[in-house]
Structure formats: structure tokens, C-alpha cells
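Here's the letter readout for the chains.
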Amino acid sequence: MSVKVCKFGGTSMADANIIRKVKDIIESDEARRIIVVSAPGKRFSGDKKITDLLFECHKELVREGTCKKSFSAVRARFLDIVKQLELTFDFDAVLEDTFVRIEKEKSEQFTVSRGEYLCGKLIAEYFCLPFIDAEGTVFFNADGTLDAEKSYKAVSSAVSKTGKGVIPGFYGVDEEGRIRTFSRGGSDISGAIVARAVNASLYENWTDVSGFLACDPHLVDSPAPIEALSYKELRELSYMGANVLHSESIFPVRKANIPIQIKNTFRPDDVGTTIVPTSRYMPNGRTVTGIAGKKNFTVIYIEKSLMNSEIGFARRVLSAVEAENVSVEHIPTGIDTMSLLIESSELNELKLSRILEGIKCEVEPDIIRVMENIALIATVGHGMSSSVGTSARLFKAIAAAEINIKLIDMGSSELNIVVGVKNADYERCIKAIYGEFFVG
């Protein structure tokens, strides 16, 4: 029998009424046997996510030596859900045990992981399914990376005993048995780990939107939905800000060729977006699949005659950046030029100054200058490589909007074209590109 792993995000766990919808979704398909849950999210504008309340708990614990006041809000939120679902088990005892352990552990990562833990316990009880704790099934290496093979084996073993269950997302344990968490949104990664471990036929990721859109709906009215895209397209769009799915969540399922489907808990009949291995991807007829971007990059431009003939030139430049523990996002190059694109949030005046001095010392450039407040916009799609004139259409549309392009970076795969423009031109640039490829 095929097995679907279903991960439900915070909005899908926010209150009792939504949890009832989730139960209907699970019971409508017998293949939906394994559920991965996030901590309850916001119920309304101005509300707080459980995870944010738990961050407040840790701050109070550090400050006061106890988090009794902050944890009372967490306790009240969960007990309200229990009451509304008319559950009769002693969840208050589970909450009390959790509170005691939080104060004992005094660990931020342990504290913030308890939202998923408590939600998992509650959902398992309500759905009459076994609870499988991530504390015994998801493992991290000493350097904080996932111990994938150990995790797959542990999850597979735990699930094989029952064939079904509820697993909290977002956390696992390190080599010393301490709770460790993924980055925010990491329950998507947990779901993918579980899907890989049980060799699922499909990894369903349930959220509050009906899949990916061709661009940000805050910038373009009613952008076209994306019904299907490849893993590679997903990586490009997610990295550039299309945040429907955590960008790292594809890695566990990609090697096993398990497709991902983004579904809307509030509109379960919507088609959603299916993400498939590149080898299975069928072009949708469009040249461009999607457009996404990010603001606030700093560009370090380097020019030196005969740069291409200097052995180790790029390595020496990058070593100056590495020395400041800063990562480089893109490196557009020419025969005598190189540009380093760095997220401005990674830099301060002192770090930037040291990087510039380091580059000057390492390679003695003819020219080195800095551009700030740069936005990057990626136009992504497998159809671009087989469509004559795609670049011409893109640049013509940007020129027609009277926007000056500061830099261009095109991958060798021809999957995407990245342009850099001033932050002030970001919104107009996306609208211009969308109008060229999706309107009319």
C-alpha cells in the first residue's frame, strides 16, 4: 500500500476548528498514515505563534530564573484547544512535565522545540494515532548537520511497528542527547526526512496557500499559479524568496525521487503545486515558471588586467571574505572582472573594510569598488533554455520600464537569469518581467 507523509504547518494547527479540518483531510485518504506537525501558529492578526511564546519563556527563564509567567500563555493556548476538541485525557499533566523540564534544561533550543512536541502529543491523542517522538528518531551530528542515515533508520524502525503515527517536526537530538532544532520553518525538513525514511509515494506539505505562484502576490495582482515545477526550479525560487516551502526540505526526498505536493488546508480541493524530480518534469508550455527576488545586497566589484591568467586569483579573493566568516551568494565574472554579491545583513562597516583590505592585499586589483542597496531578481524556468530570444525579451521589458541593470548572472544550466537592480527599482522590475512573460 502506498504511504503519504503529511506535514501540517502552524496555521493548520492554530485552533480546534482548523484541527478538525485536518482530521477530515487525513480521514479522506487512507494512504495518509503519517503526520508531521508544527507548533500552533497565529489564529488572527496580532496573535502570537506558540514558538514565539516559547522564545519569551526562555528569555524570562534567563532573566528571572523561572518562566512561569510566560509559560502560562502556552498552557492556556493548548488547554483551550483540548477543551474545544472535547478531549478527556490529562493534558495538563503533559504541560506540567514540559514546564518542569524546560526549567531544568535551561536550553533555548529545548524550550522552543516544545511547541511541536506538545502539538504532536495533542494530535496523536485526537486522531487516535501512535505518538513517535523526534527526540528518538531525528539525529544531528556534532557540527549541527543532520545525521541522515541514522535518522532514516530510526524513523523507519519506529514507523514499521505501527505503520502510522504522529511525529513532531522542527527538532531532534545531537550526539550528546541534547535537543537541537532546525532553522525556523524546519518542520518542512522533518517531513521530508520522514518521507524519505518510509519511502513515501508522496510528501504532502499542507499550509495556508494553494501552492506556489509565478511571483509575489503583494507585487502583482492574482499572479498565475504554478501547478508543477522541478526540484531545481524550487531551489532557485525558494532561495530568492518564494517561501512556501523551506528550501532545504527537498534534499532528503530528491535522492529517492519522492514528489512533494503543496496543498491548502483551508481549500483542500485546490490542485496545489507538485514538485517533481527534474527527470520527470514535463514543461507546462511557459517559457518562465516563476519570478522571485530579494533586496539588500552589497556588491564588491573587482577589476584587474590579466586576472584570468593568475593562478588562484578567485581562491585568494574568497579567502579574504572567508576570513570574516561571511558567505558569498553570487560571483558574476568577466575576463578581467569579478563581482562578489553578499547579503548586506552579513556585513557591517568594520567587516566590509577588512574584506576590502584583505582583497587588496591578496590580489592587488586595479579597481575595487562597492555598490550597496542592490536587489537581485531571478527569472526561472526550464523552458528558457529551449526558447529563442528569452534573454532579449527579459532585458527589453526591463529597459521599457526605464530600469538600469547593475549586473547580470546567468547559470550555465540556463535555468535562471539573475539581474541586479537598485532596491528602489525592485518592485517595478518584477512587474515588468511578469508582464512580459505572463500577461497577454
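Residue positions within a chain follow its written sequence, with the count starting from 1. pLDDT decides what is reported in this predicted model: residues at 70 or higher carry local features, side-chain atom pairs at 80 or more are listed and counted, and totals for whole chains, interfaces and linings draw on all residues regardless. Only heavy atoms go into the side-chain values, all of them from the structure, while hydrogens and water stay out.

1. Some remarks on the packing of helix α3 (residues 68-84) against helix α4 (residues 91-105)
Alright, step 1. Axis definition: a line fitted to C-alpha atoms, over the contacting stretch in the case of helices. Angles run 0 to 180 degrees between N-to-C directions. Only DSSP runs of H or I covering at least 4 residues are called helices, and only runs of E covering at least 2 are called strands; the numbering of each starts at the N terminus. Packing of α3 against α4 leaves a shortest axis separation of 10 Å and a crossing angle of 155 degrees. On the basis of the axis angle, α3 is roughly antiparallel to α4. Seen along the crossing, α3 lies across α4 with a hand that is right-handed. Residues Lys68, Phe71, Arg75, Phe78, Leu79 and Val82 of α3 touch α4, and the partners they reach there are Phe91, Asp92, Leu95, Glu96, Thr98, Phe99, Ile102 and Glu103.
Alright, step 2. Note on residue classes: Ala, Val, Leu, Ile, Met, Phe, Trp, Tyr, Cys and Pro are nonpolar, Asp, Glu, Lys and Arg are charged, and everything else, Gly too, is polar. In terms of residue class, the contact of α3 with α4 is made up of 8 nonpolar, 1 polar and 5 charged. When describing relative orientation, an angle under 35 degrees is termed roughly parallel and one over 145 degrees roughly antiparallel, while 65 to 115 degrees is termed roughly perpendicular and anything else oblique. Handedness of a helix crossing follows the sense of rotation of the near helix relative to the far helix, less than a right angle counterclockwise being left-handed and clockwise being right-handed. Whether two residues touch is decided by their heavy atoms; if any such pair falls within 4.5 Å, the residues are in contact.

2. With respect to the sheet that holds strand β10 (residues 290-303)
Alright, step 1. Across the sheet, which stays open at both edges, the 5 strands sit in the order β11-β10-β12-β14-β13 with antiparallel pairing between neighbours. The open sheet has two edge strands with one neighbour each: β11 (337-343) and β13 (407-410). The sheet shows a mean angle of 35 degrees between the axes of neighbouring strands, direction not considered.
Alright, step 2. Paired strands are those between which DSSP finds at least two bridges. Of the strand pairs in this sheet, strand β12 (residues 367-380) and strand β14 (residues 416-422) are connected by 7 bridges, and their pairing is antiparallel. Across the sheet, isoleucine 374 pairs through a bridge with lysine 422, a residue of β14.
Alright, step 3. Each of β10, β12 and β14 touches helix α8 (residues 231-239); the most contacted strand, β10, lies at about 70 degrees to it.

3. So, helix α13 (residues 426-438)
Alright, step 1. To estimate how far a helix should reach, multiply one less than its number of residues by 1.5 Å. End to end, α13 covers 18 Å across 13 residues, agreeing with the expected 18 Å (1.5 Å per residue, within 8%).
Alright, step 2. What α13 keeps buried is the set Tyr426, Cys429, Ile430, Ala432, Ile433, Tyr434, Phe437 and Phe438.
Alright, step 3. On the buried face of α13, the contacting elements are β10, β12, α12 (390-400) and β14. Think of it in three bands: with a 1.4 Å probe and only protein chains considered, a residue is buried below 20% of the maximum accessible area for its type, exposed above 50%, and partly exposed in between.

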